[in-house]
Amino acid sequence: MTDATPSGSTPESAASSAAPDYDDLTRDIADVPAVEVITTVAVHLLSAAAVNLGLDKPDSEYKDLDEARKLITALAGLVTASATEISSFHAAPLRDGLKSLQLAFREASLVQDEPGQGPGEKFTGPVYA
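As a convention, each chain's residues are numbered from 1 in the sequence order in which they are written. Under the rules for a predicted model, residues below a pLDDT of 70 receive no local features and side-chain atom pairs below 80 are neither given nor counted, while totals for whole chains, interfaces and linings still include all residues. Side-chain descriptors were evaluated using all non-hydrogen atoms of the structure, hydrogens and water having been removed beforehand.

Secondary structure elements follow DSSP: runs of H or I no shorter than four residues count as helices, runs of E no shorter than two count as strands, and numbering proceeds from the N terminus. Here the expected span of a helix is defined as 1.5 Å times the quantity of residues minus one. Its 19 residues give helix H3 (residues 34-52) an end-to-end C-alpha distance of 27 Å, which sits within 8% of 27 Å, the value for a rise of 1.5 Å per residue. With a 1.4 Å probe rolled over the protein chains alone, any residue whose accessible area is under 20% of its type maximum counts as buried; one over 50% counts as exposed, and the rest are partly exposed. All buried positions along H3 are accounted for by Thr39, Ala42, Leu45, Leu46, Ala49, Ala50 and Asn52. One face of H3 carries all of its buried residues, which in axial projection span an arc of 160°. Tucked into the core, H3 has its buried residues touching helix H4 (65-108). A positive phi of about 80° marks Gly54, the residue just after H3. Starting at the helix axis, one direction is taken to each C-beta atom, and the arc is that of these directions. Should any heavy atoms of two residues lie within 4.5 Å, those residues are counted as being in contact.

Turning next to the packing of H3 against H4. The axes of two packed helices give the description: the angle between them and the distance between them. For helices, the fitted axis covers only the stretch in contact; all axes are lines through C-alpha atoms, and the angles between them, taken along N-to-C directions, range from 0 to 180 degrees. Relative to each other, H3 and H4 sit at 150°, their axes nearing to 8 Å. Here H3 lies roughly antiparallel to H4, going by the angle between them. Crossing of H3 against H4: the hand is left-handed. Side-chain classes are defined by residue name, with Ala, Val, Leu, Ile, Met, Phe, Trp, Tyr, Cys and Pro counting as nonpolar, Asp, Glu, Lys and Arg as charged, and the others, Gly among them, as polar. When grouped by side-chain class, the residues that make up the contact of H3 with H4 number 20 nonpolar, five polar and one charged. When an angle is under 35 degrees it counts as roughly parallel; over 145 it counts as roughly antiparallel; between 65 and 115 it counts as roughly perpendicular; any other value is oblique. Crossings are classed by handedness, with left-handed meaning an anticlockwise turn of the near helix from the far one by less than a right angle and right-handed meaning a clockwise turn.

Attention shifts here to a nonpolar patch on the surface. Patches here are clusters of residues that have more than 30% relative accessible area and form no salt bridge, with a 9 Å joining cutoff for like charges and a 5 Å cutoff for nonpolar side chains (Val, Leu, Ile, Met, Phe, Trp, Tyr). Values of accessible area rely on a 1.4 Å probe in the Shrake-Rupley scheme; residue burial ignores everything except the protein chains shown. The salt bridge criterion pairs a side-chain nitrogen of Lys or Arg with a carboxyl oxygen of Asp or Glu, the two atoms within 4 Å. A cluster of nonpolar side chains, contributed by Val32, Val37 and Val41, occupies part of the molecular surface with about 200 Å² of accessible area. With respect to the helices and strands, the residue Val41 is situated in helix H3. Residue classification places Val41 among the partly exposed residues on the basis of a relative accessible area of 39%.

Time to look at the nonpolar core. Leu53, Ile72, Leu75, Leu94 and Leu101 are the most contacted members of the largest nonpolar core, which has 20 residues in total. Looking at this core, the elements with two or more residues in it are H3 and H4. Aside from chain neighbours lying at most four places away, what touches Leu101 is Leu46, Ala49, Ala50, Leu53, Leu55, Ile72 and Leu75. Note on terminology: a nonpolar core comprises buried Ala, Val, Leu, Ile, Met, Phe, Trp, Tyr and Cys residues joined through side-chain atoms within 4.5 Å.

Shown next as structure tokens:
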């Protein structure tokens with residue numbers, strides 16, 4: 001019977017050599033500029049909110065306005081807090097996407113929020129078309 005592990009090594013040592021090197025991973029994360037991390041997170045929030053609003057396709061089975069409200073509020077907080085740090089070049093498109101989501105939420109809601117009470121509006125102020 002042959003052993004599948006290289007001579008002199010145990011299955012445990014073979015498994016540990018396949019484990020990720022956390023020092024390398026930490027260094028890789030540290031090399032990513034903050035603006036890239038912030039905008040990537042914002043795009044994920046934008047995308048998730050759009051799907052939860054049912055904007056991915058008509059009659060989407062994933063439509064969930066409660067989840068969309070949470071995601072839009074988180075996005076509004078992130079964009080508002082980071083806008084001065086990431087520059088207008090990066091913040092302006094995120095603000096535009098956020099406003100589009102806020103308006104889509106208002107349109108999708110059966111019961112309208114009062115101006116300034118919609119998702120994220122405590123951070124952005126009232127949103128009008």
